[in-house]
Amino acid sequence: MLDPNVNRLEEARFFTAADAKTDTLIYPLPETWWSRPYEYEWCRSLAAPGDIALDAACGISHPLKFYLGGLCKETHACDFDPRIDSWEAIKQEIIQDVGQEALSSIIAHQGYSNVRYAQASITDLPYENGQFDIVFCISVLEHLRHVDQDLSLKEFARVVKRGGRVALTFDYPTVDLQQLYRAVESAGLTFANDFEWTPPPDAVHSDLWGRLYCFRALLKKP
């Protein structure tokens, strides 16, 4: 059971129906993005104007990088998809994925123009050691093999500053929590606060691809 006295933003736990959520991050979020309203609201609570931030494996149309670009001191975003290097390709994917109105909202927001984009794998990031105050990796680890999850965590540990943070979300049970816990320690990172192993009764979930829960973890670099 989680300690009720700890900072709940820092708990490594499952999102629950009682958590804050947003249905709009620059543009209205599609209903099929079942966990994103909770994930993005959590990310908004962690980001700060003075941060140098990285949205790792950011996706092409997903809005977190654009939001961070409008908020943070400096924002970087990388993805393995080569389209991330082309604003024209990004625009086309936004229109195809979430519509013309979403693109108009992004352009009006202006944050997109402040983002430094890079085509890269999160297992081999093209950034300097200790470059970032915070690294976001949202709904990505479930798509990686265990070995690549381990490599990614080691890269996050390398590029984040001492005292910096790494914000992860991922699908469970696709990601094994025991394996993740060991990989975090092996990477030289620590969990910011209590760790929850079992979904509570009110855990947010989806049955679109079998029963999935969304887990979040805030890591720190000592």
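Note: the structure precedes this text.
Anyway, here's the lowdown on the structure attached to this text. (Residues numbered from 1 in each chain as written. Predicted model: local features only at pLDDT ≥ 70, side-chain atom pairs only at ≥ 80, totals over all residues. Heavy atoms only, no water.)

Let's shift gears to the packing of helix H3 (residues 87-98) against helix H4 (residues 100-109). One can describe the packing of H3 onto H4 by two numbers: an axis separation of 7 Å at closest approach and a directional angle of 135 degrees. Put simply, H3 runs oblique to H4. Residues Trp87, Lys91, Ile94, Ile95 and Val98 of H3 form the contact with H4, whose own contacting residues are Gln100, Ala102, Leu103, Ile106 and Ile107. Tallied by class, the residues present in the contact of H3 with H4 amount to 8 nonpolar, 1 polar and 1 charged. (Axes fitted to C-alpha atoms, helices over the stretch in contact; angles between N-to-C directions. Helix = DSSP H or I, 4+ residues; strand = E, 2+ residues; numbered from the N terminus. Parallel < 35°, antiparallel > 145°, perpendicular 65-115°, else oblique. Contact = heavy atoms within 4.5 Å. Nonpolar A, V, L, I, M, F, W, Y, C, P; charged D, E, K, R; others polar.)

In this section: the packing of helix H5 (residues 146-159) against helix H6 (residues 177-186). Any two packed helices are characterised by the angle at which their axes cross and by the distance between the axes. Two numbers describe how H5 lies on H6: the axes approach to 9 Å, and their chain directions differ by 35 degrees. Read as a crossing pair, H5 and H6 show a hand that is right-handed. Residues His146, Gln149, Asp150, Leu153 and Lys154 of H5 lie in contact with H6, whose contacting residues are Gln179, Leu180, Ala183, Val184 and Ser186. Considered class by class, the residues forming the contact of H5 with H6 number 4 nonpolar, 4 polar and 2 charged. (Left-handed = near helix turned anticlockwise from the far one by under 90°.)

Before going further, it helps to examine H3. Over its 12 residues, H3 extends 16 Å from the first C-alpha to the last, a length consistent with the 16 Å expected when each residue adds 1.5 Å. When H3 is considered as a whole, its buried residues turn out to be Ala89, Ile90, Lys91, Glu93 and Ile94. Those residues of H3 hidden inside the fold are in contact with helix H2 (64-71), H4 and strand S6 (115-119). Residue Gly99 follows H3 closely and has a positive phi angle near 105 degrees. (Expected span 1.5 Å × (residues − 1). Buried < 20%, exposed > 50% of the residue type's maximum accessible area, 1.4 Å probe, protein only.)

This paragraph deals with the side chain of Thr169. With respect to the helices and strands, the residue Thr169 is situated in strand S8 (residues 160-172). Exposure remark for Thr169: the relative accessible area of 0% places this residue in the buried category. Of note is the side chain of Thr169, whose polar atom sits 3.0 Å from the backbone nitrogen of Ser139. With residues near it in sequence (within four places) discarded, Thr169 still touches Phe15, Glu39, Trp42, Cys137, Ile138, Ser139, Val140, Glu142, Cys214, Phe215 and Arg216. (Polar contact = N/O pair within 3.5 Å; in protein donor to acceptor, adjacent residues only side chain to side chain.)

In this section: the pattern of salt bridges. Applying the stated criterion to the full structure yields 14 salt bridges. For Arg13, the salt bridge identified is with Asp19, shortest N-O distance 2.8 Å. As far as the burial class goes, Arg13 and Asp19 line up, both buried. One salt bridge connects Glu93 with Arg83, and the closest N-O pair in it is separated by 2.9 Å. (Salt bridge = Lys/Arg side-chain N within 4 Å of Asp/Glu carboxyl O.)

This brings us to the pairing of strand S11 (residues 212-220). Among the 9 residues that make up S11, 8 are buried, leaving the element largely enclosed by the rest of the structure. As defined by bridge partners, strand S1 (residues 13-14) adjoins S11 across 2 bridges and the pair is classed as antiparallel. Across the sheet, Arg13 pairs through a bridge with Arg216, a residue of S11. One ladder, built from 8 bridges, connects S8 with S11; its direction is antiparallel. For Val166, the partnering residue across the bridge sits in S11 and is Leu219. As paired strands, strand S9 (residues 190-191) and S11 are joined by 2 bridges and run antiparallel to one another. Across the sheet, the residue bridging to Phe191 is Leu219, located in S11. In this structure, strand S10 (residues 205-206) lies alongside S11, joined through 2 bridges in antiparallel fashion. Counted as the bridge partner of Ser206 is Leu212 from S11. (Pairing = 2+ DSSP bridges.)

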